[in-house]
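Below, each chain spelled out in residue letters.
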Amino acid sequence: MVKLALVQLLVSSNKQQNLKRAATLIKEAANKGANIVVLPECFNSPYGIQYFEEYAEELHGETARALSAMAKESNVYLIGGSFPEIQFGKYYNTCTIWNRVGELIGTHRKVHLFDIDIPGKITFQESKVLSPGNELTLVDTEHGTIGVGICYDIRFPEMAMIAARKGAFAMIYPGAFNTTTGPLHWELLQRARAVDNQMFVAACSPARDTSATYHAWGHSTVVDPMGKVLATTEESEAIVEAELDIEEMKNARTSIPVSFQRRFDLYKNVAE
Ligand SMILES: O=C(O)CCC(=O)C(=O)O
């Protein structure tokens with residue numbers, strides 16, 4: 001059994017305040033027995049392309065040092081949401097992953113940038129400021145291997161499939177869907193990735209702040225390998241907790257053996 005906690009943080013424009021609040025809620029989750037704690041996408045800055053440059057830090061800057069200390073102090077694996085990272089003049093949306101003694105065990109730079117245009121509803125062009133990451137991310141923990149993606153990455157099923165086929169028991173996405181696509185797709189995509197790959201899937205959002213320029217959907221959620229929602233919440237600040245039973249994943253994979261029944265001989269030309 002692994003206990004997972006998603007910290008649906010109410011993110012403000014004050015970085016220090018966000019770091020302090022994150023530390024408090026991570027400790028609260030750890031005190032309730034969490035082994036792995038997740039923060040949301042852009043957990044220490046407002047979300048929006050107008051904020052990335054102002055809030056950006058180098059990988060080993062103030063935010064990374066704070067996350068390392070939080071993981072160590074609370075003795076948890078920490079999937080540290082994301083923050084805008086700058087390296088050699090380029091900006092990335094980056095998740096850092098920490099072990100129980102505060103060592104960096106992985107980084108994921110958002111691979112699929114959130115560029116969409118739904119007329120009259122939402123236009124977002126991350127690629128105006130950000131560069132995409134070029135690697136898929138798997139981290140090894142004492143609880144097993146975990147795949148990590150960020151938000152829009154969840155729409156690309158190949159990432160979760162590759163993680164599952166490389167042995168990951170869970171795919172975890174710090175995210176920040178919005179009030180247009182959130183109600184339609186947030187839970188659906190998590191349940192789809194879970195049932196496709198018979199793995200646990202979790203997505204952690206910021207809480208909704210209606211005074212901010214971007215209104216996050218909230219509803220941080222954990223889904224089991226059969227596609228069942230194990231835990232979720234509404235839009236306010238909350239900690240969402242779930243026990244992940246690895247036996248359930250094994251049972252799902254034994255009783256519906258799709259991973260062995262795939263016909264890769266027929267799918268060879270999918271990228272053409
Ligand atoms: O895919 C979506 O609808 C939302 C994605 C998003 O908000 C993000 O990538 O930050």
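Residues numbered from 1 in each chain as written. Predicted model: local features only at pLDDT ≥ 70, side-chain atom pairs only at ≥ 80, totals over all residues. Heavy atoms only, no water.

Undergrad: Where do I start with unusual backbone geometry in this structure?
TA: Although it is not a glycine, Asn75 adopts a positive phi angle of roughly 55°. Even without being glycine, Gln198 reaches a positive phi, approximately 50°. Among the secondary structure elements, Gln198 is positioned in the loop between helix H5 (181-197) and strand S12 (200-204). (Helix = DSSP H or I, 4+ residues; strand = E, 2+ residues; numbered from the N terminus.)

Undergrad: Help me out: how do you make sense of the site of the ligand in this one?
TA: Inspection of the region around the ligand gives Glu41, Tyr47, Lys110, Phe114, Cys151, Tyr152, Arg155, Ala176, Phe177, Asn178, Thr181 and Tyr214 as its neighbouring residues. Taking Tyr214, its side chain carries an N or O atom lying 3.0 Å from an oxygen atom of the ligand. When the ligand is considered free in solution it has 290 Å² of accessible area, and contact with the protein chains removes 100% of it. (Near = heavy atom within 4 Å. Polar contact = N/O pair within 3.5 Å; in protein donor to acceptor, adjacent residues only side chain to side chain. Areas by Shrake-Rupley, 256 points an atom, 1.4 Å probe, with all protein chains shown as cover.)

Undergrad: Sorry if this is basic, but what is going on with the side chain of Lys110 here?
TA: Note on placement: Lys110 falls in the loop between strand S6 (104-109) and strand S7 (115-118). Among the residues examined, Lys110 registers a relative accessible area of 0% and is labelled buried. A polar atom in the side chain of Lys110 sits 2.8 Å from the side chain of Glu41. A distance of 3.5 Å separates the side chain of Lys110 from the side chain of Tyr47, its partner in a polar contact. (Buried < 20%, exposed > 50% of the residue type's maximum accessible area, 1.4 Å probe, protein only.)

Undergrad: For this particular structure, what's the right way to read the environment of Ala194?
TA: With respect to the element layout, Ala194 can be found in helix H5. Its relative accessible area of 0% is what places Ala194 among the buried residues. Here the alpha-carbon distance between Ala194 and Val223, two residues 29 residues apart in the chain, equals 6.7 Å.

Undergrad: Just checking my understanding: could you explain a nonpolar patch on the surface for this structure?
TA: Residues Phe264, Leu266, Tyr267 and Val270 make up a contiguous nonpolar surface patch of roughly 430 Å² in combined accessible area. The topology assignment puts Val270 in the segment after helix H8 (264-267). For Val270, a relative accessible area of 70% corresponds to the exposed category. (Patch = residues over 30% accessible without salt bridge, like charges linked within 9 Å, V, L, I, M, F, W, Y side chains within 5 Å. Salt bridge = Lys/Arg side-chain N within 4 Å of Asp/Glu carboxyl O.)

Undergrad: Explain the layout of surface pockets here, please?
TA: Picture a little ball the size of a water molecule; that probe, rolled over the atoms, points out where space is still empty. Size it by volume and the largest pocket reaches roughly 270 Å³. Forming the boundary of the largest pocket are Pro157, Glu158, Met161, Asp196, Asn197, Arg262, Phe264, Tyr267, Lys268 and Val270. Elements represented by at least two residues in the lining of the largest pocket include exactly helix H4 (157-165), H5 and H8. Counted as a void, the second largest pocket has a volume near 210 Å³. Grouping the amino acids of the lining of the second largest pocket by side-chain chemistry returns eleven nonpolar, five polar and two charged. (1 Å grid on protein atoms, 1.4 Å probe; cavity = no way out; pocket = protein on both sides within 12 Å on 5 of 7 lines; lining within 4 Å. Points joined across faces, edges and corners; volume = space filled by probe spheres on them. Nonpolar A, V, L, I, M, F, W, Y, C, P; charged D, E, K, R; others polar.)

Undergrad: I tried to follow the sheet that holds S12 on my own but got confused; where do I start?
TA: Within a beta sheet, neighbouring strands are joined by backbone hydrogen bonds and run either parallel or antiparallel to one another. Sheet architecture is open: six strands sit in the order S9-S10-S11-S12-S13-S14, paired in mixed fashion. Each having just a single partner strand, strand S9 (137-141) and strand S14 (229-231) make up the two edges of the open sheet. Going across the sheet, the axis of each strand differs from the next one's by a mean of 25°, ignoring polarity. Here S12 runs beside strand S13 (residues 221-223); their pairing, made up of three bridges, is antiparallel. Each residue of the ladder has a partner; that of Ala202, found in S13, is Val222. Against the sheet, H5 touches strand S11 (168-174), S12, S13 and S14, its axis set at about 155° to S12. (Pairing = 2+ DSSP bridges. Axes fitted to C-alpha atoms, helices over the stretch in contact; angles between N-to-C directions. Contact = heavy atoms within 4.5 Å.)

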